[in-house]
Amino acid sequence: MISNTRPVCPHQEHFEVFVDTCLLRVEQSGRSLPGELGDRQAWDAAYRALLVGMAGARSTSRLAAEAVERLRAANQPPADDRDDRDDRDDRDDRDDRDDSDGVGAVTPYRGLEAFGPATAAGSGPVRPSGAQIRSPASPPFEVPARPGWRRKGGLVKGFGVLVLTGVAVAAWVLSPLSQSGMGGAQPTIAPAVVGGDGVLRLGALVPKSGGLQFFNRPMAAGVRLAVADINAAGGVFGRKVIGSEVDAGDSDDRGSQALTQLVSERADVIIGPVTSSMSLTMLGQIKNAGVVQISPTATSDQLTDADDDGLFFRMAGPDAIQGDVLGELIRADGGRRVGILALADPYGTGLSRHIRRSLERRGADHIQVETYDTTDASYTTEVEKISASGPDAIVVVGFTETADIARELVRQGLGVHEHKWYFTDGYLSSGESTSSGLPRGTLTGAKATQAGAEVATAFQQRLLAVGSAPTDFTYAPEAYDATIVAALAAVAAGRDDPKIIAATVADVSRIGERCTDFRTCALLLASGKDIDYDGASGPIDFTDKGDPAKASFGVFQYKADNTSITLTHKLGELPT
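None of these values were measured; they are calculated from a predicted model.

Definitions and cut-offs
- Residues numbered from 1 in each chain as written.
- Predicted model: local features only at pLDDT ≥ 70, side-chain atom pairs only at ≥ 80, totals over all residues.
- Heavy atoms only, no water.
- Disulfide = S-S within 2.5 Å.
- Buried < 20%, exposed > 50% of the residue type's maximum accessible area, 1.4 Å probe, protein only.
- Pairing = 2+ DSSP bridges.
- Helix = DSSP H or I, 4+ residues; strand = E, 2+ residues; numbered from the N terminus.
- Axes fitted to C-alpha atoms, helices over the stretch in contact; angles between N-to-C directions.
- Contact = heavy atoms within 4.5 Å.
- Arc of directions from axis to C-beta.

(A) Highlighting the state of the cysteines. Under the criterion given, the structure shown has one disulfide. At a sulfur-sulfur separation of 2.1 Å, the disulfide partner of cysteine 515 is cysteine 521. Note on the cysteine 515 and cysteine 521 pair: the S-S dihedral is about 115°, so by sign convention the disulfide is right-handed. For cysteine 515, a relative accessible area of 3% gives the class buried.

Here's what the structure looks like:
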């Protein structure tokens, strides 16, 4: 069937099954079809015309309207029988609307106008006058596991458009005509069917309590602003996106409880959590629940190859990128003999390994790596070993204990005035409070790197307007983009089924027409185009493993009062 139609899609057989189902249901309903639609070649022609004329858009189309008019005209009875036939059609239409055993529930609809002004809060989509049809659900299909299912071009996304377009083809035949004020019959395309329940639900795991509270406001602001922008553009599938926030605290147990709550609330996509540890702990729950997770902040290498069924993504640059950025910075500052003090945990050992590789690629003369345990509060032995290597640059890969290591470095004659110091995001993100107890000038000139985009003043003002009132904006762009990407993936998939969304997340971030806001990107998707979303955090370009191939990192420098200022932002790429 439809042997002449060859859309760029490997799943044509699903559309063919769908058409067969439509024909069977129409036959069972007793409704009359134009004679040419009994010929499957007519379906082929109609399908091709719709693809060309509508480009997959789920909206009322002049081409579609003309096609309906032609098809109706082809099956018009003789003039003297027309009145009786119209009476029977009216009765059939009323019976169909009253019949609860039809092809499905009446589906609300909004077309391309959904990307215009938002509807009133809580209101549903608007149905064009007279356009009621019971439409069959989209045929199920399997999503191959990552890696391997990703593609170049529009195949996965194209299938979502294919399913929706197939519904619209059926609507040419099945939908009753609306009556115009002029007394003539104006054809209407019936609602397109979307998978799932048609409402995209986003749940945010934010740290409202515990030691990570400083991340709460910027992260919550980013998610809230994105949801507001999506809904102002008409939402997803013409319906408002629903967003909710749950306190994930700063512990794995609290985070798991928060995730359980969001899953019980039928969240399709989880934004968060903050830490890599929580993200790793939650992967089992994520897989069991079958929901998408996009962390704005997690950076651990372990997440790259973790068993996540293709459901986990992250916006912040992984440690492999930060290590490369920091190695490049050290060499640009003239460092050739480098001592690295790294916390003996996955964060410290993983990031220090990437720093070392970056330095080696760039021709460093000697690199000495020493790991430490926080139970040894003096760090004397480790610093002595670094001192013996004769470094001109020293890197500390740790968290709040970095301040104590700084004191020991000064005590052993390795102060910032004699050697260049470098810190990582673990210390920088802990805030200025940990360095406030150091003598003035201890950190003067030291540099640090941290994943995260530069936040433009205009974007800061928009973040301040959505309720969380952040005083710091770190990772707000990443939280914003995580939310926008999730919504665009749902639009591209044509479904709010999490596993289908996961199959399109990477596709909307790479290889396509560049766009930088939800409204523009959604319109491009509706016209059948591939998109490359570059957002508030910059280019993303997800890899097949859910990592951003490109990510922004801030470079900071400490002043005499031991507080830091931003020097610049660098766009890093995953090393090959």
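There's more to say after this.
(B) Layout of the sheet that holds strand β3 (residues 201–206). With parallel pairing, the five strands of this open sheet are ordered in space as β4-β3-β5-β6-β7. Two strands bound the open sheet, and with one partner strand each, they are β4 (242–247) and β7 (312–314). Strand-to-strand twist of the sheet, defined as the mean angle between neighbouring strand axes without regard to direction, takes the value 20°. On the sheet, helix α8 (residues 276–289) packs against β3, β5 (269–271), β6 (292–295) and β7 and is oriented at approximately 165° with respect to β6.

(C) Molecular detail of helix α11 (residues 380–388). Within α11 the residues assigned to the buried category are Glu382, Val383 and Ile386. Angular distribution of buried residues about the axis of α11 spans 95°; they occupy a single face of the element. For α11, the secondary structure elements touched by its buried residues are β8 (337–343), β9 (366–372), β10 (393–397) and α12 (402–411). Phi turns positive one or two residues past the end of α11, at glycine 390, with a value near 65°.

Fair warning: the whole summary comes from geometry, so function is off the table for now.
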